[in-house]
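So you can see what is in the structure, the chains are spelled out below.
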There are 2 protein chains.
Amino acid sequence: MFTSARNLTQPSTPAALRPLAGSYPPCVGQIALFAPDAEIFAQGERAGFLYRVEFGAIRVYRLHADGRRQIVAFHLAGETFGLEAGGTHSFFAETTVHTGLSKVSLAGEMVPQELMALALRSMLHAREHLLVVGRQSALERIGAFLVDIAVRLGDVDTIDLQMTRLDIGDYLGLTIETVSRSFSRLRDEGIVKFHGVKTIEIVQPERLALLCG
Amino acid sequence: MFTSARNLTQPSTPAALRPLAGSYPPCVGQIALFAPDAEIFAQGERAGFLYRVEFGAIRVYRLHADGRRQIVAFHLAGETFGLEAGGTHSFFAETTVHTGLSKVSLAGEMVPQELMALALRSMLHAREHLLVVGRQSALERIGAFLVDIAVRLGDVDTIDLQMTRLDIGDYLGLTIETVSRSFSRLRDEGIVKFHGVKTIEIVQPERLALLCG
DNA sequence: CGATTTGTTGAGGCCCCTCAAGCTCCGTGG
DNA sequence: CCACGGAGCTTGAGGGGCCTCAACAAATCG
């Protein structure tokens, strides 16, 4: 399985940092813009910052020696990421689409209580992800994925996927073909409806929920 | 798949709490003894304590509606568990064998810094577990499992498994038969050697490490 | 509007699951 | 001490779900 994970397209906007009017309420600093597949931090790098996703999305992943990639988390608009054990990043973080990030310094700006809550939420999410990947069928995984994303976007019924089928596959432990087939199956069953490749409308939320266990 | 997870054998020693000479240096309180398969806490219960494993082992898991069980973590001697997001337990915790636990009250006894480190380590471990379950073959999963356990027991070369094949399967997303077959394969290849069913000697650590990616 | 990336669908094969039978280990009681 | 029973483990045979390989369609971008 070959995933061109390190194939970093440089931002079409020259470097990366560019000031912007603070469009999100709780945004303190400036917003940095990134093109798709831009590296935010790499495994082994010293960790010192948290990042808040203003728009777009982030994938956090690791590569196996043979090229297999496992994405352990996506981070969507409004979410904060970058907190890691030991002061060194254990994973890679990249944008999946055009993304705006604001930096949050670890010292100050966030009280220990918030950091703790963030760490615990991340642990919980990793474990819930494990439930999905460990014991569910392909269709169940896709279902759980859609429900998770929909909830995190604010219980919406129409999702704009911020990632490719390859990203989704590497997140769920499936191949791109199986992801595609599962989506088609959900469409054929009338559970979801596609408006373009990346826009999914959840037509029958109850049946989707049934799938997830 | 039927896993009799709630089949709680009551401790052969009457109840549970029984004082014992503090045999581990950093042990503050009394040690409670539990029989195999004793419930320590249940999903939905109010969380307020941490537990330190003095000897034995703990499985942390959740059940799907149809009985499928996913173990998200094992906790071995010397490790602390019970920290969860939201003040309510999201998982079940049970002993896998005869186990001694000491309670640690969340307020006091542990400084916030230690709690934070514990949370971050748990997050990291869940994510590393995800790497194994998401993209590895059965043999690779068993290999990674053995390496992980060996390291956590102090880089030993002989492991006393504190859990059944069923536990291991539900941890790695495999059936009991596949776990058994993988062990046999490692034995036939001369990578490990069995001294009884639960005692594994790692004969060729380098080859075992090669398996894990 | 052509080139390239991304997504869909089909055919075939493999790995793991399922089902089944027999074995080992261990605690219990005679 | 050994016989016995049951739970746990091992091994085999067969089937199914997902992966692999392949071709084509759709979407995206310069």
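The structure this text deals with has already been given above.
Note that the structure is predicted; figures quoted are calculated from it, not measured.

How each quantity is defined
- Residues numbered from 1 in each chain as written.
- Chains lettered and ligands numbered in written order.
- Predicted model: local features only at pLDDT ≥ 70, side-chain atom pairs only at ≥ 80, totals over all residues.
- Heavy atoms only, no water.
- Helix = DSSP H or I, 4+ residues; strand = E, 2+ residues; numbered from the N terminus.
- Buried < 20%, exposed > 50% of the residue type's maximum accessible area, 1.4 Å probe, protein only.
- Contact = heavy atoms within 4.5 Å.
- Areas by Shrake-Rupley, 256 points an atom, 1.4 Å probe, with all protein chains shown as cover.
- Buried area = accessible area lost by both parts, 1.4 Å probe.
- Salt bridge = Lys/Arg side-chain N within 4 Å of Asp/Glu carboxyl O.
- Nonpolar A, V, L, I, M, F, W, Y, C, P; charged D, E, K, R; others polar.
- 1 Å grid on protein atoms, 1.4 Å probe; cavity = no way out; pocket = protein on both sides within 12 Å on 5 of 7 lines; lining within 4 Å.
- Points joined across faces, edges and corners; volume = space filled by probe spheres on them.
- Near = heavy atom within 4 Å.
- Polar contact = N/O pair within 3.5 Å; in protein donor to acceptor, adjacent residues only side chain to side chain.
- Pairing = 2+ DSSP bridges.

Colleague: Residues and numbers for the overall build of chain A, please.
Modeller: Of the regular secondary structure elements, chain A holds five helices and 11 strands. Classification of the 213 residues of chain A by burial places 52% in the buried group. Restricting the contact set of chain A to residue pairs at least 6 apart, pairs at least 24 apart contribute 70%. A total of about 9500 Å² of accessible surface is found on chain A, and carbon and sulfur atoms cover 57% of it.

Colleague: How would you summarise the interface of chain A and chain B if you had to cite specific residues and measurements?
Modeller: Of the residues lining the interface, 41 residues belong to chain A; the matching set on chain B comes to 41 residues. At the boundary of chain A with chain B, total buried surface from both sides reaches about 3700 Å², with 65% on carbon and sulfur atoms. Of all residues in chain A, A:Arg127, A:Leu130 and A:Arg135 give up the largest surface area on contact with chain B, accounting jointly for 24% of the area buried on that side. For the pair chain A and chain B, the interface holds six salt bridges. Among the salt bridges present, the one from B:Glu140 reaches A:Arg68, with a minimum N-O distance of 2.9 Å. Those elements that place two or more of their residues in the side of chain A that touches chain B are strand E4 (57–63), strand E5 (69–76), helix H1 (112–135) and helix H3 (165–172) of chain A. A class-by-class count of the residues in the side of chain A that touches chain B yields 19 nonpolar, 12 polar and 10 charged.

Colleague: I'd love a proper account of the layout of surface pockets, names of residues and values included.
Modeller: In this structure, the largest pocket occupies an estimated 1000 Å³ of space. A:Glu79, A:Arg121, A:His125, A:Asp148 and A:Arg152 are, among the 45 residues lining the largest pocket, the residues nearest its centre. Ranked by the residues each element gives to the lining of the largest pocket, the list is headed by H1(A), at 12 residues. Classifying every residue of the lining of the largest pocket by side-chain character gives 21 nonpolar, 11 polar and 13 charged. Counted as a void, the second largest pocket has a volume near 770 Å³. In terms of lining, the second largest pocket is formed by 33 residues, of which the most central are B:Arg121, B:Leu124, B:His125, B:Asp148 and B:Arg152.

Colleague: Which residues make up helix H3 (residues 165–172) of chain B, and what values go with them?
Modeller: Residues and elements named next belong to chain B. Burial analysis of H3 places seven of its eight residues in the buried class, which makes it a mostly covered element. Those residues of H3 that fall on the buried side of the exposure criterion are Arg165, Asp167, Ile168, Gly169, Asp170, Tyr171 and Leu172. Gly173 sits one or two positions beyond H3 and adopts a positive phi of about 75 degrees.

Colleague: Provide a residue-level description of the protein's contact with DNA strand C, including the pertinent values.
Modeller: Of all residues adjacent to DNA strand C, which total 19 residues, the nearest are A:Ser180, A:Arg181, A:Ser184, B:Ala138 and B:Thr178. For DNA strand C, the backbone portion of the atoms within 4 Å of the protein, that is sugar and phosphate, comes to 67%. B:Gly173 is positioned such that a nitrogen or oxygen atom in its backbone is 3.4 Å from a phosphate oxygen of DNA strand C. Between DNA strand C and the protein, one listed contact pairs a base oxygen with a side-chain N or O atom of B:Arg181 at 3.0 Å. Elements represented by at least two residues in the surface near DNA strand C include exactly helix H4 (176–188) of chain A together with helix H4 (176–188) of chain B.

Colleague: How would you sum up the sheet that holds strand E1 (residues 31–34) of chain B? Please name residues and give values.
Modeller: All names here are of chain B. Spatially, the four strands line up as an open sheet ordered E1-E8-E3-E6, and their pairing is antiparallel. Edge positions in the sheet fall to E1 and strand E6 (80–81), since each of these pairs with one other strand and no more. Relative to strand E8 (residues 99–105), E1 runs antiparallel, the two sharing four bridges. Bridge assignment links Leu33 to a residue of E8, and that residue is Gly100.

Colleague: Can you break down the protein's contact with DNA strand D residue by residue, with the values?
Modeller: Around DNA strand D, a shell composed of 19 residues is seen, among which A:Ala138, A:Thr178, B:Ser180, B:Arg181 and B:Ser184 lie nearest. Backbone atoms, meaning sugar and phosphate, make up 67% of the atoms of DNA strand D lying within 4 Å of the protein. Here A:Thr175 contributes a side-chain N or O atom positioned 3.0 Å from a phosphate oxygen of DNA strand D. A distance of 2.7 Å is found between a phosphate oxygen of DNA strand D and a side-chain nitrogen or oxygen belonging to B:Ser180. Looking at the surface near DNA strand D, the elements with two or more residues in it are H4 of chain A together with H4 of chain B. For the surface near DNA strand D, the leading source of residues is H4(B), giving five residues. In terms of residue class, the surface near DNA strand D is built from five nonpolar, seven polar and seven charged.

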